[in-house]
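These are the residues of each chain, in order.
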Amino acid sequence: MSTTAPNAKPRRTRKNHWIPVVAGFLRKDGRILIGQRPENNTLAGQWEFPGGKVELGESPEEALARELREELGIEATVGELKLACTHTYGDVGIMILFFEILFWKGEPKAKHHMMLEWIYPEELRDRQIPEANRKILDRIEKAIGVQWPKSSSSRKG
């Protein structure tokens, strides 16, 4: 077991930088909504769940409702927290909180994303998604209720 002397300098001179992020699971007819990140953003072209950064003074639920209004043009009712995880991109850490979206008013429009798609949850495995989501895909599938193996009759509609 290692101990640090009281006057010892820490190994790092920089503190880690953490960004709190929220994302929503919107469901319709057995599908979930994903958006393709814009070309001028980091992770351009990758598919993600709608959401964004929590601003100072906001609760995660308030942040997600605001982000869905800004990104999709909808008024959403944010439900329970379904999943929380962390990921590191270089020297920046993100904490992602995934929430169930219970209801929304309006039809989601791609105001931020290049395009939106309603997909079956198991189709996420075939999409280019951020590493933060890829590494916890099993947990995401469990949170949104994917049950394996999936029978082909459940995909009709």
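Residues numbered from 1 in each chain as written. Predicted model: local features only at pLDDT ≥ 70, side-chain atom pairs only at ≥ 80, totals over all residues. Heavy atoms only, no water.

What's the story with the packing of aromatic side chains in this structure? I'm lost.
Centre-to-centre distance and the angle between the planes together describe a pair of aromatic rings. Taken as a whole and judged by the stated rule, the model has 4 aromatic pairs. Here Phe-49 and Phe-98 contribute two aromatic rings whose centre-to-centre distance is 6.0 Å and whose plane-to-plane angle is 90 degrees, an arrangement assigned as edge-to-face. With a gap of 49 residues between them, Phe-49 in the loop between β4 (47-48) and β5 (51-53) and Phe-98 in strand β7 (residues 92-105) connect regions that are remote in the sequence. No difference in accessibility class separates Phe-49 from Phe-98, as the two residues are buried. Ring geometry for Trp-104 versus Trp-118: centroids 5.9 Å apart, planes at 20 degrees, classification stacked. Taken together, the residues span a long stretch of sequence, with Trp-104 in strand β7 and Trp-118 in strand β8 (residues 115-119) at a distance of 14 residues. A relative accessible area of 22% places Trp-118 in the partly exposed class. Arg-127 extends its terminal NZ or CZ atom over the ring of Trp-47, reaching a point 4.8 Å from the ring centre. (Phe/Tyr/Trp six-rings, centres within 6.5 Å; stacked < 30°, edge-to-face > 60°. Helix = DSSP H or I, 4+ residues; strand = E, 2+ residues; numbered from the N terminus. Buried < 20%, exposed > 50% of the residue type's maximum accessible area, 1.4 Å probe, protein only. Lys NZ or Arg CZ within 6 Å of the ring centre and 35° of its normal.)

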